[in-house]
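# Structure at a glance
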Amino acid sequence: MGPAPLALAFFNIGVEAGQLLFIGVVFLLIAGIKKINLTRPSWQPYLAPYAIGSVAAFWVIDRFWAMLNF
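Cut-offs applied
Residues numbered from 1 in each chain as written. Predicted model: local features only at pLDDT ≥ 70, side-chain atom pairs only at ≥ 80, totals over all residues. Heavy atoms only, no water. Helix = DSSP H or I, 4+ residues; strand = E, 2+ residues; numbered from the N terminus. Rg over C-alpha atoms; globule rule 2.2 N^0.38 Å. Buried < 20%, exposed > 50% of the residue type's maximum accessible area, 1.4 Å probe, protein only. Areas by Shrake-Rupley, 256 points an atom, 1.4 Å probe, with all protein chains shown as cover. Patch = residues over 30% accessible without salt bridge, like charges linked within 9 Å, V, L, I, M, F, W, Y side chains within 5 Å. Salt bridge = Lys/Arg side-chain N within 4 Å of Asp/Glu carboxyl O.

Once that is clear, we can look at the overall build of the protein chain. Check the secondary structure of the protein chain and you find 2 helices and 0 strands. Here the C-alpha atoms of the protein chain give a radius of gyration of 21 Å, more than 25% beyond the 11 Å that 2.2 N^0.38 yields for 70 residues. Put simply, the protein chain has 70 residues, and 0% of those count as buried. In the structure as shown, the protein chain presents an accessible area of about 6900 Å², 77% of it carried by carbon and sulfur atoms.

Set out below in structure tokens:
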């Protein structure tokens with residue numbers, strides 16, 4: 001059968017370990033930022049949802065327009 005399945009398994013393990021390491025670093029950064037007492041604007045919780053919604057709306061309009069123009 002050859003070394004391909006073993007190489008693929010170790011590649012997958014490395015990718016998953018890298019993702020877990022990245023998530024761990026992000027969680028540590030979030031925990032560190034939360035310990036700093038900063039005054040945040042009242043609109044700050046709405047920033048991420050509006051940004052995501054704006055990108056999603058752009059993609060819907062762009063794909064619809066492309067579908068009309070073939």
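The rest of the description comes next.
A few words now on a nonpolar patch on the surface. Together, Leu21, Val25, Leu29 and Ile33 make up an exposed nonpolar region whose accessible area comes to about 400 Å². Position of valine 25 among the secondary structure elements: in helix H1 (residues 4–35). On the accessibility criterion, valine 25 (42% relative accessible area) is partly exposed.

This next bit is on the environment of isoleucine 52. Mapped onto the secondary structure, isoleucine 52 falls in helix H2 (residues 44–69). According to the relative accessible area criterion, isoleucine 52 is exposed, its value standing at 61%. The sequence separation of isoleucine 52 and leucine 20 amounts to 32 residues, and the corresponding C-alpha distance is 24 Å.

Shape is all these values report; function is a separate question.
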